[in-house]
Amino acid sequence: MASLHIDHLLGLQNVPKEDITLILDSTDTFLEILDRPIKKVPTLQGKTVVNLFFENSTRTRISFELAERRLSADVVNFAAGSSSVKKGETLLDTARNIEAMKVDIVVMRHSAAGAGHFLSKRCTSRFINAGDGAHEHPTQALLDMCTLRQKHGSLDGLNVCIIGDIAHSRVARSNIYGLLTMGADVAVCGPPSMMPYDLEKLGVRIFHNVDEALQFSDAVNVLRIQLERDAGADFPTLREYNQTFGITRDRLDRLGREVTVLHPGPINRGVEIESEVADGPYSVILPQVTNGVAIRMAVLYLIGTKAE
Amino acid sequence: MASFLFKNARMVDPVTGLDTEQDLLIVDGTIDKLGPSLSASDSEEIDLKGKTIVPGLCDMHVHFREPGFEHKEDIRSGAASAAAGGFTAVACMPNTDPPIDNASVVAYIYEKAKGLPVDVYPIAAITKERKGEAIAPMVELRKAGAVGFSDDGSPVHNTKVLRIALEYASMFDVPVIQHAEDPHLFTGGSMNESIVSTELGLPPIPRLSEDAVVARDIMFTEYVNGRYHLAHMSTIGAANAVRAAKEKGLHVTAEVAPHHFALTDEAVRSYDSNVKMNPPLRTADDVRAMKEALRDGVADVIATDHAPHAGFEKEVEFVYAPFGIIGLETAVGLSVTELLLEQWLTLPQLIEKLSTNPRRIIGLPELRIEEGQRANLTLLDLAAEWTVDVHRFKSKSRNSPFHGRALTGRAIGIFNNGQLVLAD
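Residues numbered from 1 in each chain as written. Chains lettered and ligands numbered in written order. Predicted model: local features only at pLDDT ≥ 70, side-chain atom pairs only at ≥ 80, totals over all residues.

Caption draft 1: Inspection of the overall build of chain B at higher detail. Helix and strand counts for chain B stand at 13 helices and 18 strands. For chain B, the C-alpha radius of gyration of 21 Å lies close to 22 Å, the compact-globule estimate for 424 residues. Principal-axis analysis of the C-alpha atoms places the extent of chain B at approximately 65 × 45 × 45 Å. Sequence-distant contacts in chain B: of pairs separated by 6 or more residues, those separated by 24 or more amount to 76%. (Helix = DSSP H or I, 4+ residues; strand = E, 2+ residues; numbered from the N terminus. Rg over C-alpha atoms; globule rule 2.2 N^0.38 Å. Contact = placed C-beta atoms within 7 Å.)

Structure, rendered in structure tokens:
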């Protein structure tokens, strides 16, 4: 069986196409397992995985934990709120202490961009990034790509637009890197104040008009608007955002053709996406969640069993 | 009487225009004789064939952390680091605890530095407690020996306070030194805003943050006929503004730190917190603009912004790491490698930026390599090829991004206050 070039999954930037393809292909196997009455395989038996979550997360943590348990790994959960981090311990000390307990794989979410890079250079465990600041969230992008592949057959030449606060989005960055590597045409849409500097240099198209963005798109990935950002940050009001950039049934109807709608969740109904769209026929939001478990099984398996 | 005889050295003095290979005899800390084939009985004789003697280098921007943060650096270790880097004089910034905002702290620093081979001059705060709200007692601070005024680490952002500070300080022959940054644009930033920050998802600091404040400050300087020095200039926009101010004949000077002409923000891709400083590493275009500014005299000074931090403070996530790197022991090597060998500056011009100009700006006596002058000298080996090893630094801290970098040119010693300090 083929193995990955990468030792850690810190992001999708610079991950070769063969690796992404291998992960996506392996996911199909694990999806089949998830349909069995007994959803458990012994693949990671004897391996210990720690979920190091320095930032609140429910669905990503549950998705990883399910994936780990279905691979028969021993699982330890660590949440910053209940730990010595509160007592002022540094990230490095925390990681070294956990590693001293002989952990094989660390799944980490952290508010600081590059936290995974920082630790992976100083520790011997394998690292899987479950989201680092505004940098990357590679398993989310992989599950998005998996879902798009199911729906459209191939990512090559597919027109995908990511809509929302691109500047602060790790989901956007990972999707841009992964989709470009896989040959998709990538666009982003949102107000200029939510676009990071010189973004076009990455090779993405930029729309500030959501109807034009929909015209371009075979699929749209609608980002969650961080409600706490509303306080005069990068746009005036949620109402204005919804009216200008919200994905509504009306907009999709005017388009007159099918466009696949993804959302990384959790959704703000009536802000970035209308309920009728989220629950509508073009939405693949729930398949994304199912694929998320399978993708994480594939990543854990490929990273966790790669020879030293 | 202690005497030293330096034989066969090339002596370069930008003030007198001296550039000759000859001998130099120091008796009792004073240059007694200059000339070919000198000899003196019972003097310590050092052959400096192939080496260069220049007026003592001066770094007008260091953080020696004392009082308050002695685990990072103190005046004694900072001075040792300066000596190892070839500096006979430094000016230390007032972001200490307590800050240098009253005469007793100025006196404390002079007291601590007494007897050292490196002269340590305090720069006092512009505002009380460096809060940016009300100006500090500048006359008292200047009388106590402060050589300039700066809230470095923070900008003076309130325009009323800035105006008063520039007006009031125009009584003196030393400048107001601004850390030019707009606090609103800066908020939470940790690297230069560019395609690199976009790719890495790190919170950005736009060049605009520096550009806008420098442009504004120069307007104020012109309006009140003040004396303004721009600390750690790093952007094309700031360089253009300073260039225009100089063309108008304003009392505006500027310094550039070696890391701002030797590294770009591409280095941040490592997420190594030793490339995190403020102002941040900028783009290749800015680096080129800094070299041009030095060449054209828009930048008067090379100053290190030597900012020590303990390992445990820097060994954290990039966004949580404190800003700053140490620079005293790499400044000469970086300047020679990047500026002299690349022909941006001649050797006399380089010595102006590292000695003559900073001394003039902070009101220190002019140095000359002449008989009868106090011997305040730096000994250089411009051809030395060496590799930076932070573990050999005299500084208490190790936070340098240049570890492992191959450089040409280094200081091999200093002579000041009657003391000869030779590098290891």
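Now, onward.
Caption draft 2: Expanded view of the overall build of chain A. Along the backbone of chain A there are 11 helices and nine strands. Whereas a compact globule of 308 residues would reach a radius of gyration of roughly 19 Å, chain A reaches 19 Å, a difference of no more than 12%. Along the first, second and third principal axes, the C-alpha atoms of chain A reach 55 × 45 × 35 Å. The contacts in chain A between residues at least 6 apart in sequence include a share of 75% that link residues at least 24 apart.

Caption draft 3: Representation of the pairing of strand β5 (residues 159-163) of chain A. All names here are of chain A. Of all five residues making up β5, four are buried, and the element is well covered by its neighbours. Looking at chain direction, β5 and strand β6 (residues 185-189) are connected through five bridges and run parallel. When the bridges of β6 are listed, N159 appears paired with D185. Regarding the hand of the β-α-β motif, the stretch spanning β5, helix α6 (residues 170-181) and β6 is right-handed. Of the strand pairs in this sheet, β5 and strand β8 (residues 219-222) are connected by four bridges, and their pairing is parallel. Across the sheet, residue C161 finds its bridge partner in β8, namely V220. (Buried ≥ 20, exposed ≤ 12 C-beta atoms within 10 Å, placed from the backbone. Pairing = 2+ DSSP bridges. Right-handed = clockwise from strand over helix to strand, strands pointing away.)

Caption draft 4: A look at the interface of chain B and chain A. Taken together, the contacts link 18 residues of chain B with 21 residues of chain A. The element best represented in the side of chain B that touches chain A is helix α6 (residues 195-200) of chain B, accounting for five residues. Looking at the side of chain B that touches chain A, its residues break down into 10 nonpolar, four polar and four charged. (Nonpolar A, V, L, I, M, F, W, Y, C, P; charged D, E, K, R; others polar.)

Caption draft 5: Representation of the pairing of strand β18 (residues 419-422) of chain B within the structure. Residue and element names in this part refer to chain B. With four bridges connecting them, strand β17 (residues 406-416) and β18 associate as antiparallel partners. Its bridge partner lying in β18, G413 is registered against L422. Here β17 folds back onto β18 in antiparallel fashion, the turn holding two residues, of which N417 has a positive phi close to 55°.

Caption draft 6: A look at the sheet that holds strand β2 (residues 74-79) of chain A. All names here are of chain A. In space, the four strands of this open sheet follow the order β2-β1-β3-β4, with parallel pairing throughout. If you trace the sheet from one side to the other, it starts and ends with β2 and β4 (126-132), each paired once. Direction aside, the axes of adjacent strands within the sheet are offset by 15° on average. Of the pairings in the sheet, the one linking strand β1 (residues 48-53) to β2 comprises six bridges and is parallel in character. Each bridged residue has a counterpart across the sheet, and for V49 the counterpart in β2 is V75. Packing against the sheet, helix α11 (residues 285-304) makes contact with β1, β3 (105-110) and β4, and its axis sits at approximately 145° to β4. (Axes fitted to C-alpha atoms, helices over the stretch in contact; angles between N-to-C directions.)

Caption draft 7: A look at the sheet that holds β8 of chain A. All names here are of chain A. The sheet built from five strands is open, its strands ordered β7-β6-β5-β8-β9 with parallel pairing. Strand pairing shows two members of the sheet lacking a second neighbour, β7 (205-207) and β9 (260-262), which therefore form its edges. The average angle at which neighbouring strand axes cross in this sheet is 25°, direction not considered. Against the sheet, helix α5 (residues 138-152) engages β5, β8 and β9, with an angle of about 160° to β9.

Caption draft 8: Structural context of the domain arrangement of chain A. All names here are of chain A. The domain architecture assigned to chain A consists of domain 1 (17-136 + 289-304) and domain 2 (138-284). Centre-to-centre, using C-alpha coordinates, domain 1 lies 26 Å away from domain 2. Counting from both sides, the interface comprises 19 residues of domain 1 and, opposite them, 18 residues of domain 2. Contributing elements (two or more residues each) for the side of domain 1 that touches domain 2: α1 (17-34), β4 and α11. Classifying every residue of the side of domain 1 that touches domain 2 gives seven nonpolar, seven polar and five charged. (Domains from an automatic or database assignment.)

Caption draft 9: Representation of the nonpolar core in the model. I163, V188 and L300 of chain A together with I53, V120, F149 and V242 of chain B are the most contacted members of the largest nonpolar core, which totals 222 residues. Sorting elements by how many residues they give to this core places α11 of chain A first, with nine residues. In contact with F149 of chain B, other than residues within four places in its own chain, are I123, A124, A125, I126, M138, A169, V176 and I177 of chain B. (Core = buried A, V, L, I, M, F, W, Y, C linked by C-beta atoms within 7 Å.)

Caption draft 10: A look at the domain arrangement of chain B. All names here are of chain B. Considered domain by domain, chain B is made up of domain 1 (3-53 + 371-422) and domain 2 (55-361). A straight line from the C-alpha centre of domain 1 to that of domain 2 covers 26 Å. Domain 1 puts 31 residues into the contact, and the matching count from domain 2 is 45 residues. Counting only elements with at least two residues in the side of domain 1 that touches domain 2, the list comes to β1 (3-13), β16 (377-387), β17 and β18. A total of seven residues in the side of domain 1 that touches domain 2 trace back to one element, the largest contributor, which is β17.

Caption draft 11: Inspection of the packing of α1 of chain A against α5 of chain A at higher detail. Residue and element names in this part refer to chain A. Direction vectors running N to C along α1 and α5 enclose 65°, while the axes themselves pass 10 Å from each other. By the criterion of interaxial angle, the relationship of α1 to α5 is roughly perpendicular. Note that α1 runs across α5; the crossing there is right-handed. Counting all contacts with α1, which are made through I23, L24 and T27, the residues of α5 involved are L142, M145, C146 and R149. In terms of residue class, the contact of α1 with α5 is made up of five nonpolar, one polar and one charged. (Parallel < 35°, antiparallel > 145°, perpendicular 65-115°, else oblique. Left-handed = near helix turned anticlockwise from the far one by under 90°.)

Caption draft 12: Structural detail: unusual backbone geometry. For the bond from G265 of chain A to P266 of chain A, the omega torsion is -10°, close enough to zero to count as cis. Looking at the element boundaries, P266 of chain A is found in the loop between β9 and α10 (275-278). The omega torsion of the bond from D97 of chain B to P98 of chain B falls at 5°, within 30 degrees of zero and hence cis. Take P98 of chain B: it is sitting in the loop between β7 (87-92) and α2 (103-113). Unusually for a residue other than glycine, R65 of chain B sits at a positive phi of about 65°. Mapped onto the secondary structure, R65 of chain B falls in the loop between β6 (57-62) and α1 (75-85). With a phi close to 60°, Q343 of chain B is a non-glycine residue in the positive phi region. In this structure, Q343 of chain B sits in the loop between α12 (331-340) and α13 (347-361).

Caption draft 13: Inspection of the environment of K151 of chain A at higher detail. All names here are of chain A. Among the structural elements, K151 can be located in helix α5. Judged by the 16 C-beta atoms lying within 10 Å of it, K151 is partly exposed. The spacing of K151 and V284 is 133 residues in sequence and 8.7 Å in space, taken between C-alpha atoms. In this structure, K151 is in contact with T260 and V284, ignoring residues within four places of it in sequence.

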